[in-house]
Amino acid sequence: MIEIIDLTKKYGKFTALDKLNLTIEKGSVFGFVGQNGAGKSTTFSILATLLSPTAGTAYINGFNITKDPKAVRNQIGYMPDFFGIYDQLKTVEYLDFYGASYGISQSERKKLIPQLLELVNLTHKQDSYVDVLSRGMKQRLCLARSLIHDPEVLILDEPASGLDPRARVEMREILKELKSMGKTILISSHILPELAEMCDTIGIIDQGRLVAQGSVAEIQQRLEGDKLIIVKLHSNLERAIQFFEDQPAVSRLVKGEDGNSFQFIFTGNAEEQMQLLKTGLNHDLAIVSFAEVETNLEDIFMEITKGVELT
Ligand SMILES: Nc1ncnc2c1ncn2[C@@H]1O[C@H](COP(=O)(O)OP(=O)(O)OP(=O)(O)O)[C@@H](O)[C@H]1O
Ligand SMILES: [Mg+2]
């Protein structure tokens, strides 16, 4: 279980993390999503005890990240968002090196490493030099490395970034397998749909603050209550804008560039949507079309990170 309490990180005057609070239950796969610079890697580095927080704290399986970093490191497997340079090291030697640094005995490493290579589908590359592996392979090797001491909690910083669709599917399968082994997984991405496929719960971070949190279904449900509607007018655009702006269920109305349309966010069900159109027509508005635009998780992410709070 991971507990993050008022976690704050300042780089000089700049606040990268602003009182972040989050609880991640044991055995869940939690997706941390946010734009570039939102604070994902900062959070993960702090949880991995590689960076000190300015204020606040976090616990991993009850161990405090600043008071007991050694115990925390035994609990977690951390996959950073970069892969270092390992000149002249073969895949199997790389894992052996990390295994040894965790104090795993040579005989145990001999048993463990083939299993890990199999899990991440790299058995055929065990004698390749690490530096010549493809990006997707390096990513999988990095994941294998983070698993070497059989940690209960995995902190994976953008494990799927830069992978082709096939490699992403493979990564998802590996994560599924890890979840079935009972591991608690914290994973980040800047692509919400990518995480939605692999996580039970999602938190959206923006400018160092958590702006939404919930199950994928909950986030989708909230999205269903909010629709983007585009209205096209034959004439009298301003009068129509005035009418829609006065409706309580309408927000964030924006004029179209073509000069005869506008769009807005409508909060309500289908019945209320129909009523809105009916009332508009009863007001003699020259509506040519009134169309709901298909939204998806990506759109809602864009909406939220524009500063609109979901909850
Ligand atoms: N060492 C540092 N010194 C100064 N500012 C930093 C440092 N590390 C990160 N930052 C700033 O903190 C903010 C959060 O960075 P962070 O790397 O946590 O974002 P991220 O969500 O991981 O983004 P990305 O999707 O690009 O990986 C950014 O504005 C970044 O410029
Ligand atoms: Mg990052």
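This text goes with the structure placed above it.
Cut-off values and rules
Residues numbered from 1 in each chain as written. Chains lettered and ligands numbered in written order. Predicted model: local features only at pLDDT ≥ 70, side-chain atom pairs only at ≥ 80, totals over all residues. Heavy atoms only, no water. Helix = DSSP H or I, 4+ residues; strand = E, 2+ residues; numbered from the N terminus. Contact = heavy atoms within 4.5 Å. Near = heavy atom within 4 Å. Polar contact = N/O pair within 3.5 Å; in protein donor to acceptor, adjacent residues only side chain to side chain. Nonpolar A, V, L, I, M, F, W, Y, C, P; charged D, E, K, R; others polar. Pairing = 2+ DSSP bridges. Axes fitted to C-alpha atoms, helices over the stretch in contact; angles between N-to-C directions.

A look at the environment of Asp 127
Next, step 1: Structurally, Asp 127 is set in the loop between helix 4 (106–119) and helix 5 (135–146).
Next, step 2: Setting aside residues up to four positions removed in sequence, Asp 127 forms contacts with Lys 90 and Val 92.

Notes on the site of ligand 1
Next, step 1: Within the structure, ligand 1 sits among Tyr 11, Phe 14, Ala 16, Gln 35, Asn 36, Gly 37, Ala 38, Gly 39, Lys 40, Ser 41, Thr 42 and Glu 158.
Next, step 2: Contact between ligand 1 and Gly 39: an oxygen atom at 2.9 Å from a main-chain N or O atom of the residue.
Next, step 3: Taking Ser 41, its main chain carries an N or O atom lying 2.8 Å from an oxygen atom of ligand 1.
Next, step 4: The set of elements that each furnish at least two residues to the shell around ligand 1 consists of strand 2 (14–24) and helix 1 (40–47).
Next, step 5: With three residues, the single largest contributor to the shell around ligand 1 is helix 1.
Next, step 6: Classifying every residue of the shell around ligand 1 gives four nonpolar, six polar and two charged.

Some thoughts on the sheet that holds strand 14 (residues 287–293)
Next, step 1: Spatially, 12-13-11-14 is the arrangement adopted by the four strands of the open sheet, whose pairing is antiparallel. The open sheet has two edge strands with one neighbour each: strand 12 (250–255) and strand 14. Strand-to-strand twist in this sheet, taken as the mean axis angle between neighbours without regard to direction, amounts to 20 degrees.
Next, step 2: Examined bridge by bridge, strand 11 (residues 226–233) and strand 13 (residues 261–267) share seven bridges and lie antiparallel to one another. Across the sheet, residue Val 231 finds its bridge partner in strand 13, namely Phe 262.

Purely geometric stuff here, so don't read any function into it on its own.
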